[in-house]
Amino acid sequence: MLPCVHQLQLLLALLSSVWLSSWGQNCPANCQCPDPHTVDCSGRGLTRLPDAIPLDVRRLRLSDNWIPWIPSDFLVLYSDLVYLDLRNNSLSRIEPGTLSTSSRLVFLDLGSNNLTEIPSGTFGESRSLIKLRLGNNPYLSMVSKDAFMGLTSLRELELEQNALSGLDVEVLGQLPSLRLVRLEGNPWVCNCNFAKLFAWLMKNRQKLPTGVHGMECSLPVDGRRVALSQLSEDSFRECQVTLTLTDYLIVIFSGIAVSVAAIMTSFFLASTVHCFQRWSKANKTEEEDSDA
């Protein structure tokens, strides 16, 4: 019995050695692969994506490098990828559709880059995405209204410390599973465009890590910074376009008056034309009688 056990142990050791050897050979140069489905290339000074990434990779760490862009077809072959960390690189934009082919992606970190906008179609319909980090992009000033369309499973969205002066509230309204959102540290402007977002923040303050504390906006008149905690929806009452019953009656009667005036004017003009025609006909008859 003991010889059989000993032989089995030797066989397992040999198989493990072969497996570890092949595993190490599949790891990209200058990267680490702590397990068969993880590739860690963080802090390697990379200026482009590494070559020979295993096709069955699930966790790809590329943070703290100098990568300026991602090919639009990069994720086509990596259908098992669930975790992608591109934090602290030099990305200035993500081509629309680049991330839409990764159907299993759960975690995506694009924070601390040079992104300037998040256009429509950037994420396609990555329905499995749960956490999305876009904070600390100092030039990010524009998020399209449909930028997050289709992210039905997204629970955490980070947009803090960017250059956002405004944000269409529909961007957040399209995320039915949203549980946490970070928006602090942006140069918000307290104008009428911000009024709807402010109302959403007041209604959903439980989704903000610290509520509205620490969030500020600047007044459009003098640029003075005001804490959102000092504001209320009444602060934006001038932006509320609502009509009272009196306003509606005025509009209705004004319309009626204009219609009546138009009818009377048309009747007057028609009568004048008719009278002129009769007068012309009478004069012509008199002239014919006098000639005869």
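The structure displayed is predicted, hence computed values, not measured ones.

Definitions and cut-offs
- Residues numbered from 1 in each chain as written.
- Predicted model: local features only at pLDDT ≥ 70, side-chain atom pairs only at ≥ 80, totals over all residues.
- Heavy atoms only, no water.
- Disulfide = S-S within 2.5 Å.
- Buried < 20%, exposed > 50% of the residue type's maximum accessible area, 1.4 Å probe, protein only.
- Helix = DSSP H or I, 4+ residues; strand = E, 2+ residues; numbered from the N terminus.
- Pairing = 2+ DSSP bridges.
- Phe/Tyr/Trp six-rings, centres within 6.5 Å; stacked < 30°, edge-to-face > 60°.
- Lys NZ or Arg CZ within 6 Å of the ring centre and 35° of its normal.
- 1 Å grid on protein atoms, 1.4 Å probe; cavity = no way out; pocket = protein on both sides within 12 Å on 5 of 7 lines; lining within 4 Å.
- Points joined across faces, edges and corners; volume = space filled by probe spheres on them.
- Nonpolar A, V, L, I, M, F, W, Y, C, P; charged D, E, K, R; others polar.
- Core = buried A, V, L, I, M, F, W, Y, C linked by side-chain atoms within 4.5 Å.
- Contact = heavy atoms within 4.5 Å.

Caption draft 1: Representation of the state of the cysteines in the model. In total, this model carries four disulfides according to the counting rule given. The residue that forms a disulfide with Cys27 is Cys33, at a sulfur-sulfur distance of 2.1 Å. Taking the sign of the torsion about the S-S bond as the criterion, the disulfide between Cys27 and Cys33, at about 95°, is right-handed. Since its relative accessible area comes to 17%, Cys27 is described here as buried. Owing to a relative accessible area of 17%, Cys33 belongs among the buried residues under this scheme. Between Cys190 and Cys217 runs a disulfide, and the two sulfur atoms are separated by 1.6 Å. Judged by the sign of its S-S torsion, about 45°, the bond between Cys190 and Cys217 is right-handed. In this pair, Cys190 sits in the loop between β11 (188–189) and α3 (192–203) while Cys217 sits in strand β13 (residues 216–218), placing the two residues 27 residues apart along the sequence. Neither Cys190 nor Cys217 differs from the other in exposure class; each is buried.

Caption draft 2: Structural view of the pairing of strand β1 (residues 32–35). For β1 and strand β2 (residues 38–40), the ladder comprises two bridges, and the chain directions are antiparallel. Following the sheet pairing, Gln32 is matched in β2 by Asp40. Between β1 and β2, which pair antiparallel in sequence order, lie two residues.

Caption draft 3: Region of the structure containing the packing of aromatic side chains. All chains considered together, the criterion is met by seven aromatic pairs. On the numbers, 6.5 Å between centres and 45° between planes, the contact of Phe194 with Phe198 is tilted. Pair noted here: Phe194 and Phe198 are both in helix α3, with a separation of four residues, about one helical turn. Following the ring pairs from residue to residue traces out a cluster consisting of Trp188, Phe194, Phe198 and Phe236. In this structure, Arg61 is placed above the aromatic ring of Tyr83, and the distance from its NZ or CZ to the ring centre is 5.3 Å.

Caption draft 4: Summary view of empty space enclosed by the protein. Within the structure shown, the criterion is met by one cavity of 30 Å³ or more. If you go around the largest cavity, the residues you meet are Val181, Leu183, Glu184, Leu208, Pro209, Thr210, Gly211, His213 and Met215. In terms of residues, the lining of the largest cavity owes the most to one element, strand β12 (residues 209–212), which gives three residues. Along the lines of polarity and charge, the residues of the lining of the largest cavity split into five nonpolar, three polar and one charged.

Caption draft 5: Highlighting the layout of surface pockets. Reported here for the largest pocket is a volume of approximately 390 Å³. What lines the largest pocket is a set of 20 residues, and nearest its centre among them are Cys192, Asn193, Phe194, Ala195 and Lys196. Its residues assigned to classes, the lining of the largest pocket shows eleven nonpolar, five polar and four charged. Of the pockets and cavities examined, the second largest pocket occupies roughly 200 Å³. What lines the second largest pocket is Cys190, Asn191, Cys192, Leu219, Leu231, Asp234, Ser235, Phe236, Arg237, Glu238 and Cys239. Broken down by class, the residue content of the lining of the second largest pocket amounts to six nonpolar, two polar and three charged.

Caption draft 6: Fine view of the nonpolar core. Counting 64 residues, the largest nonpolar core has Phe123, Leu132, Leu134, Phe148, Leu157 and Leu201 as the members making the most contacts within it. At the level of elements, α2 (170–173) and α3 are the ones that each hand at least two residues to this core. Residue contributions to this core peak at seven residues, all from α3. The residues touching Leu157, leaving out its near neighbours within four places in the chain, are Leu132, Leu134, Phe148, Leu172, Leu175, Leu178, Leu180, Val181 and Arg182.

Caption draft 7: Looking closely at the sheet that holds strand β14 (residues 225–227). Spatial ordering of the open sheet is given by β11-β13-β14, a layout of three strands whose pairing is mixed. The open sheet has two edge strands with one neighbour each: β11 and β14. Inspection of the sheet shows β11 paired to β13 by two bridges, in the parallel sense. The partner of Trp188 across the bridge, within β13, is Cys217.

Remember that the coordinates give geometry; whether it matters functionally is a separate question.
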